[in-house]
Amino acid sequence: MSRKMRASFGLALGGLMGMSMLGIAKASPEITGFDSTTDTVNGGGASIVTGGNTTNSILQLTNGTATGNGNEGTSSYNTTAQSVGLAFTANFTYTVLAGTSPVADGFSFILQNQSATVGGQNGGSGNSGRGLPVTIANGTNSNGVVAVGVENFSGSGGAGLYLNENGTVNPSPTNPGYFTQASTNGGTTKTGNVDFSTFNNPINVTITYDGANSLSFSATDGASDVFSHTYMLTDTVANELAANTSTALANGTAFVGFGGGSGGLQETQQISDFTFSTSAVPEPASLGLLTLGCIGLLARRRRA
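As the structure is a prediction and not an experimental result, all values here were calculated from the model.

Moving on: the overall build of the protein chain. The number of helices and strands found in the protein chain is four helices and 17 strands. Burial statistics for the protein chain: of 304 residues in total, 45% are counted as buried. Considering only intrachain contacts with a sequence separation of at least 6, the fraction spanning at least 24 residues in the protein chain is 68%. In the structure as shown, the protein chain presents an accessible area of about 13400 Å², 55% of it carried by carbon and sulfur atoms.

Within strand β4 (residues 72–77), five of the six residues are buried, which leaves it mostly tucked inside the rest of the structure. Examined bridge by bridge, β4 and strand β16 (residues 253–262) share six bridges and lie antiparallel to one another. Across the sheet, tyrosine 77 pairs through a bridge with glycine 257, a residue of β16.

Here the focus is the environment of phenylalanine 196. For phenylalanine 196, the position within the fold is in the loop between β12 (188–191) and β13 (203–209). A relative accessible area of 3% means that phenylalanine 196 is categorised as buried. It is 7.4 Å that separates the C-alpha atoms of phenylalanine 196 and valine 96, two residues lying 100 residues apart in sequence.

Let us now look at unusual backbone geometry. Omega for the peptide link from serine 101 to proline 102 comes to 0°, which places this bond in the cis form. Among the secondary structure elements, proline 102 is positioned in the loop between β6 (87–99) and β7 (106–112). Following alanine 104, the chain continues to aspartate 105 via a peptide bond in cis, the omega torsion being 10°. Its identity is not glycine, yet asparagine 200 carries a phi of approximately 55°, on the positive side. Tracing the chain through its elements places asparagine 200 in the loop between β12 and β13.

Another aspect to go through is the pairing of β6. Across eleven bridges, β6 lies against strand β17 (residues 267–279) in antiparallel orientation. In the strand pairing of β17, alanine 90 is matched with phenylalanine 276. As paired strands, β6 and β13 are joined by seven bridges and run antiparallel to one another. Within the sheet, the bridge partner assigned to tyrosine 94 lies in β13 and is isoleucine 203.

Rules behind the numbers
- Residues numbered from 1 in each chain as written.
- Predicted model: local features only at pLDDT ≥ 70, side-chain atom pairs only at ≥ 80, totals over all residues.
- Heavy atoms only, no water.
- Helix = DSSP H or I, 4+ residues; strand = E, 2+ residues; numbered from the N terminus.
- Buried < 20%, exposed > 50% of the residue type's maximum accessible area, 1.4 Å probe, protein only.
- Contact = heavy atoms within 4.5 Å.
- Areas by Shrake-Rupley, 256 points an atom, 1.4 Å probe, with all protein chains shown as cover.
- Pairing = 2+ DSSP bridges.

This is how it looks when you write it as structure tokens:
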């Protein structure tokens, strides 16, 4: 092998190693589906049922019947804490099977570092603690929670998307409204009508985080209807969670799961085809070195 060939081979190998170290290669999901041996079920009405993409992979959040005083508050978390200091993607399908007319109150995708057995999500469209597990929202410590969710009650205030950062809800609970906005408005894009309250209408949801401040929610009903919105967080997810100083989890890790709620109005909500994947975010300096290596490789090949 000539010196030029050896140099080119070395640069190519270095580039491949660099891409692997930078996390550019796609990794297998850290979480796939639901299972009673790896996921908690908290609150009356929640259960894990057979079906979907793997055995025991459907999570039933609420069962459409009144429990106790007429409210359901449920949650489920994978018992292995996940790294959320990196970029991540969550994919799942949301379906309302049955309920009252109208249905209420919706679901949340939740990252929290308090416990995998915290109680279920608050019900009630006017509750400022939406997206927070009941035991957190009703206590003195609402820190260590980042949640994005859908209120699908179509009554007062209208159905809408919301973000909860350590107890601060955006938008205001009295004006969720994102699903009724114009086609483009403040980070929102909408085509058609993605209806989270229609029975037996599976909605595919993707939530992505860029490892910095951008958290995006995208939903499609499988037809031409698409809704998406991007939130700019006040800080990184890792720093948001670090506000909870009493956690026993390592910094930048959290329990990943879902919460569901209902009030006097009911619905049967299911989550299926769930995957959660993380990927490293390359530092600018590392990307620069990789780019220079690739340029050098191309230059040598042209001179060869």
